[in-house]
Amino acid sequence: MTMAAGEARGLRRVILGTTTTWLALFTLAPFLIVLAISLVESRFGVPPYEPLFAWSKGLWPVFNGTLANYATLLTDPLYLEAFGSSLRIAATSALITLTIAYPMAYAIARARAEWRFGLLMMIILPFWTSFLIRVYAWMELLNANGLINALLIKLGVIDAPLTLLNTEFAVHLGIVYSYLPFMVLPIYAVLERMDWTLLEAAQDLGAGPFSAFRRVTLPLSLPGIIAGLLLVFIPALGEFIIPDLLGGPGTLMLGHVLWTEFFNNHDWPLASALAVSLLVLVLTPAALLYRTLRRAEVTS
Amino acid sequence: MTGRRSIALVSMLGFGYAFLYLPIAILIVYSFNDSRLVTVWSHASLRWYGALLDNDQLLDAAWLSLRVAAVSATLSAALGTAAAFALQRLRPFFVARGYEALVMMPLIVPEVLIGLSLLLLFVVLGNTVGWPPERGAMTITLAHASFGAAYATVVIRARLSQLDPSLDEAAAILGATPWRTFRRVTLPLLMPAIAAGWLLSFTLSLDDVVVASFVTGPGASTLPIVVFSSVRLGVSPQINALATLIVAFVSCLILAATLMARRRSA
Amino acid sequence: MIDRPARGAAPVIAIEGVAKSFGAVPAVAGVTLDIARGDFFCLVGASGSGKTTLLRLIAGFEAPDEGRILIDGEDMTNRPPYARPVNMMFQSYALFPHLSVADNVGFGLEEERRPRAEIRERVAAALDLFDMGSLAARKPHQLSGGQRQRVALARALVKNPKILLLDEPLAALDKKLRERAQLELVALRERVGITFVMVTHDQEEAMSMATHIALMRDGALCQVGTPRELYDAPQSRFAADFFGAANLFDETAGRTVMVRPEQMMVSRAHPSRTGVLAASLANVVFLGNAYVCHCALDSGKAVQARLSPADMAALGALSAGDRVYLSWDPAAARVLTS
């Protein structure tokens, strides 16, 4: 072997070594630590949890692990409700987002080619600007003396301000608003690649516009729809900022409950158990998302 | 497209863009409102922008955020480049898949979990090896790099997979060693994607509340942490002004980057 | 002008028992082949025949599982591509999109650490050779397909390689441009004098350009020879069919005889010679400069004959179902050896 071939191997080794070390330290290890701490009991002190292994007496460490935290999560109605409402809110928000995003993606895909880039940029731009500020903007609009209430009163639709902020409605609105680009982009990506002569073929074979859409366009855009639904559902499930700022104390969502357990109750083990459960919940839709994206890649 | 349907589509599109942009637009307009009450318009003024300049806590936080974002974005871009190459070369198949899952993990894992797990990592490391000695700017930077790198990897990998593999071979047969090929061909061709990855990690870092709240220590508050704790108490005209500035800053950054990318490719 | 080197006895490329498989799939199976200095050598075959893998083995992009490859008597088997006296023109041209035409052409010279002035001079000379001097500052995406092809050639030749490898170099050009480029490539080889090894799937392209052809099938060499040898004296049915149309007749002795359609004679009356076949005319296809008569023997076997317009006129008006007699000069018939 020549020296330069060794150079190639050395280069590959440095690249692989760096990424592997980084991943092991900052992705794998943190998760294993969360898993470990979810298995111990909390205590007063620093750090506020019992060690997983105790070297009390004898040669062998004593395993301190317990499933008590998970038992709490599965029996306490508060956590059960948090699981239920997280899944429900994430799912309904994803469906609402779809109904707004699909026509937008369709319209952009059928717009003139020279307009598409600009139209798409306008979808993406809000995604780049601050998430926090976009949620904050709705706080201002939904306030009891906010613009929406002021407008409705002025128009005579209502007499007294509606409670819009700190409701589940506001949480749905926040999720739809924040994650709309995630739905538009994958659907657009599928529609943009679609061969529109297929629609003409369907109409030639006797399908009306609606039937052609239902039997040709919709099935062909299904990978985009599935990807979009999951791209909204997955982050919504563990969302913290939106329920915190728009949902108020009445809205129970897992991300928010975890935050409260950690920062307000200082129960690190229970927060860890919540984190592990959240990951388990996210894993199935994530695997589905991966498969959908992978398939779309293969077929294109 | 027939006329009626196209009108329906265009109005849906218009409604969508209004939905996306109106809340921000209203926020920007009201940042120029002189009234202390956010929802009552008195007259236009720059009063709240002036107040921002006197708010030392906010200015310090902004400066810290910019530094953290710049360093973590640079780390993310470097790691993202390395990870993109690693994923391209890894064999066999199941090793590559496992590696990919690990690299992409921060993209699907909820922020609260990333924040909690990294905090616990820093706590455990601090207790066992004495590093990091304290939590603050450095731990935030590392935490941001850990999820920024995942996003950067996606962007850079997409570009890497588009590169014609015969370009590498062409360089090799023209006499370039693997390292020279990387420097003269692959890296220059990847540069736009690396820059995009950097920018993405930069804005994500600049925007992060949750992870930073977990891994920070006493005395190190980034801008989003300060804004968030203020916003939790209710809307305030000063935050409107700040929000306007942040939106303007990020929009300018993205527009400049987009125009530059378009000019390059034209 | 570089003098054309004399064709010596020692081959410039010697491939000795080379085998390469990808996983369980053998791509090249034990090929032994010598390529003479100054040849325009074509590797032809269908896709999957191993011709591209063989070219990539010569370039050094693949390492053989077995056997060795020598260039000018020197063993290249373990040398990486960047240390071989070989350059290559890629099917996609593989022009570096971030570099100008001049920088693309100068890329290899810079790797040799040549002085700046020399690089400039040689790049200019190479571009002039292809009439591309005025486009030196352009980027690849600002060039037409034909211009890109010339840049790719200039870039591969500027380093004065001993051998130029060409992977389907004309596949990306349209038909009209391709015919001109074929002539230009042949003239270019005459001019620079080095050995060209070209991969193509197009048998007509190989016939019109090559001095020698190697026909490949399933990773092995099927037949090696000049274009005339391959056309006039194919050794196998596969070779006979690959280079143009062939009428094949299995004789009772177990041999197979081939007659090309243009050697086949058609007459209305029984000709006075032996080995005449009676047939009925199925149809006649007009090609402009020739007619192809598709006939069916009484056994049902299809036979083609290619006639010049003059011969066709001599036959008079023909219509489907007409009885005709097919015959050939015994000297035009070839016995297939395998």
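Residues numbered from 1 in each chain as written. Chains lettered and ligands numbered in written order. Predicted model: local features only at pLDDT ≥ 70, side-chain atom pairs only at ≥ 80, totals over all residues.

**Observations regarding the overall build of chain B**
Put simply, the test is: By definition, any uninterrupted DSSP run of H or I lasting at least four residues is a helix, any uninterrupted run of E lasting at least two residues is a strand, and each is numbered from the N terminus. Between the buried cut of 20 or more and the exposed cut of 12 or fewer other C-beta atoms within 10 Å of a residue's own C-beta lies the partly exposed class, and all C-beta atoms are placed from the backbone. For the purpose of contact definition, each residue receives a C-beta atom placed from its backbone, and two residues are in contact when these atoms lie within 7 Å.
Helix and strand counts for chain B come out as 11 helices and 0 strands. Helices (α) and strands (β) of chain B occur, in sequence order from the N terminus, as α-α-α-α-α-α-α-α-α-α-α. Along the first, second and third principal axes, the C-alpha set of chain B runs to 70 × 70 × 30 Å. Relative to its full complement of 266 residues, chain B shows a buried share of 48%. In chain B, the proportion of contacts linking residues at least 24 apart, taken out of those at least 6 apart, comes to 75%.

**What about the packing of helix α3 (residues 56-89) of chain B against helix α8 (residues 178-207) of chain B?**
Residues and elements named next belong to chain B. What counts here: Orientation is described by axes fitted as lines to C-alpha atoms, over the contacting stretch for helices, and by angles from 0 to 180 degrees between their N-to-C directions. Here the word oblique covers every angle except those under 35 degrees (roughly parallel), over 145 (roughly antiparallel) and from 65 to 115 (roughly perpendicular). Note on convention: near helix rotated counterclockwise from far helix by under a right angle means a left-handed crossing. Clockwise means right-handed. Throughout this entry, Asp, Glu, Lys and Arg are counted as charged residues, while Ala, Val, Leu, Ile, Met, Phe, Trp, Tyr, Cys and Pro are counted as nonpolar. The remaining residues, Gly among them, count as polar.
Between α3 and α8, the shortest axis-to-axis distance is 8 Å and the interhelical angle comes to 140 degrees. It follows that α3 is oblique to α8 by the angle criterion. With respect to the hand of their crossing, α3 and α8 are arranged in right-handed fashion. In this structure, α3 uses S65, V68, A69, A70, S72, A73, T74, S76, A77, G80 and T81 to contact α8, whose residues at the interface are L190, I194, G197, W198, S201, F202, S205 and L206. Within the contact of α3 with α8, the residues separate by chemical class into 10 nonpolar, 9 polar and no charged.

**A few points about the confidence of the model for chain C**
All names here are of chain C. For the record, the criterion: Confidence scores labelled pLDDT are given residue by residue by the predictor and lie between 0 and 100.
Scored by pLDDT, chain C has a mean of 91; 97% of the residues are at 70 or more. The secondary structure element of chain C with the lowest average pLDDT is strand β18 (residues 334-336), at 88, and the one with the highest is strand β3 (residues 40-44), at 97. Note on residues 1-7: pLDDT under 50 across the span, and 12 contacts to partners over four residues away in sequence or across chains. Scoring of the predicted complex yields 0.87 for pTM and 0.91 for ipTM.

**Concerning the environment of P223(A)**
Residues and elements named next belong to chain A. In this structure, P223 sits in helix α10 (residues 222-237). Taking the number of C-beta atoms within 10 Å as the measure of exposure, P223 has 21 and is therefore buried. When the C-alpha positions of P223 and G17 are compared, they lie 36 Å apart, and in sequence the two are 206 residues distant. Ignoring sequence-local partners within four residues, the contact set of P223 consists of V190, T292, R295 and A296.

**So, the interface of chain A and chain B**
Interfaces are frequently sized by the accessible area removed from exposure as the parts join. Contact with chain A, which involves 68 residues of that partner, is made by 61 residues of chain B. When residues of the side of chain A that touches chain B are assigned to their parent elements, the largest contribution, 20 residues, is made by helix α1 (residues 3-37) of chain A. Considered class by class, the residues forming the side of chain A that touches chain B number 52 nonpolar, 11 polar and 5 charged.

**Comments concerning helix α5 (residues 131-142) of chain A**
All names here are of chain A. Test applied: Expected helix span is computed as 1.5 Å times (number of residues minus one).
Its 12 residues give α5 an end-to-end C-alpha distance of 17 Å, which sits within 8% of 16 Å, the value for a rise of 1.5 Å per residue. Of all the 12 residues making up α5, 12 are buried; the element is thus mostly covered by neighbouring parts of the structure. Of the positions making up α5, those classed as buried are F131, L132, I133, R134, V135, Y136, A137, W138, M139, E140, L141 and L142.

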